[in-house]
Amino acid sequence: MSFESLPEGWRVWNEEPSGRAILVYRPDVFGSGDLPDECLPTIYLTNGARNARPGSGQYATEEWHVVLFLEPEVEAVSETYESREAGAAGAVDVAERFVAGEVDYRGAYQVPREDYFTRLDEFVGGEEPA
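Digging into the overall build of the protein
Okay, so step 1: Of regular secondary structure, the protein possesses 3 helices and 5 strands.
Okay, so step 2: The order of helices and strands in the protein, counted from the N terminus, is β-β-α-β-β-β-α-α.
Okay, so step 3: Per-residue burial for the protein yields a buried fraction of 43% across its 130 residues.
Okay, so step 4: Sequence-distant contacts in the protein: of pairs separated by 6 or more residues, those separated by 24 or more amount to 45%.
Okay, so step 5: Of the roughly 7300 Å² of accessible surface on the protein, 47% is carried by carbon and sulfur atoms.

What follows is the structure, encoded as structure tokens:
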């Protein structure tokens, strides 16, 4: 399964032979200093264990997890699927929902970043900024 149907702005950052994949949103904007680099929206597709203990992610499970991170410790979406194919479709769905403005990225933060949210609003939920 590949990710040809990703919505505008999303890119495959890495797709491993084991099936894991990393998708990123607008690395051209986040990597340019226009938006904070650490806030690069990233979707992980993995069958690694989701336990909180260190190193647990290296152990494969029968489930596939799709997680949208807004920063390394800020999760906006976390879903589980029974197969890699379903997980990949789920990852594309999360990307589509994000671009459409259907993901509450403000609600995922404990400490608001209002200037960042205002700027990000220009990229999601409608037309891209000029």
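Picking up after the structure, the text goes on.
A word on the environment of glutamate 8
Okay, so step 1: Summarising the element assignment, glutamate 8 is placed in the segment before strand E1 (10-15).
Okay, so step 2: Here glutamate 8 falls in the exposed class, since its relative accessible area comes to 58%.
Okay, so step 3: The sequence separation of glutamate 8 and tyrosine 25 amounts to 17 residues, and the corresponding C-alpha distance is 8.8 Å.

Topic: the confidence of the model for the protein
Okay, so step 1: Residues at a pLDDT of 70 or more form 85% of the protein, whose mean pLDDT is 86.
Okay, so step 2: Here residues 52-57 is a poorly scored stretch, pLDDT under 50, and it has 6 contacts once near neighbours within four places are set aside; other chains count.

A closer look at helix H2 (residues 84-99)
Okay, so step 1: Spanning 16 residues, H2 covers 23 Å between terminal C-alpha atoms, matching the ideal 22 Å at 1.5 Å per step.
Okay, so step 2: With its phi angle positive at about 85°, glycine 101 sits one or two positions after the end of H2.

Side note on the packing of aromatic side chains
Okay, so step 1: According to the stated counting rule, one finds 9 aromatic pairs in the structure shown.
Okay, so step 2: Between tyrosine 25 and phenylalanine 98, the aromatic rings sit 5.2 Å apart at their centres with planes inclined by 70°, giving edge-to-face as the arrangement. With tyrosine 25 in strand E2 (residues 21-25) and phenylalanine 98 in helix H2, this residue pair connects regions lying 73 residues apart in the sequence.
Okay, so step 3: Classification of tyrosine 25 as buried rests on a relative accessible area of 1%.
Okay, so step 4: For the pair tyrosine 116 and phenylalanine 117, a centre-to-centre distance of 5.9 Å together with 45° between the ring planes defines the contact as tilted. Take tyrosine 116 and phenylalanine 117: they sit in the same class, and that class is buried.
Okay, so step 5: One aromatic cluster is present, built from ring pairs that chain together Trp10, Tyr25, Phe30, Phe98, Tyr105, Tyr109, Tyr116 and Phe117.
Okay, so step 6: Sitting over the face of the ring of tyrosine 116, arginine 113 holds its NZ or CZ atom 5.7 Å from the ring centroid.

Rules used throughout
- Residues numbered from 1 in each chain as written.
- Predicted model: local features only at pLDDT ≥ 70, side-chain atom pairs only at ≥ 80, totals over all residues.
- Heavy atoms only, no water.
- Helix = DSSP H or I, 4+ residues; strand = E, 2+ residues; numbered from the N terminus.
- Buried < 20%, exposed > 50% of the residue type's maximum accessible area, 1.4 Å probe, protein only.
- Contact = heavy atoms within 4.5 Å.
- Areas by Shrake-Rupley, 256 points an atom, 1.4 Å probe, with all protein chains shown as cover.
- pLDDT = per-residue confidence, 0-100.
- Expected span 1.5 Å × (residues − 1).
- Phe/Tyr/Trp six-rings, centres within 6.5 Å; stacked < 30°, edge-to-face > 60°.
- Lys NZ or Arg CZ within 6 Å of the ring centre and 35° of its normal.

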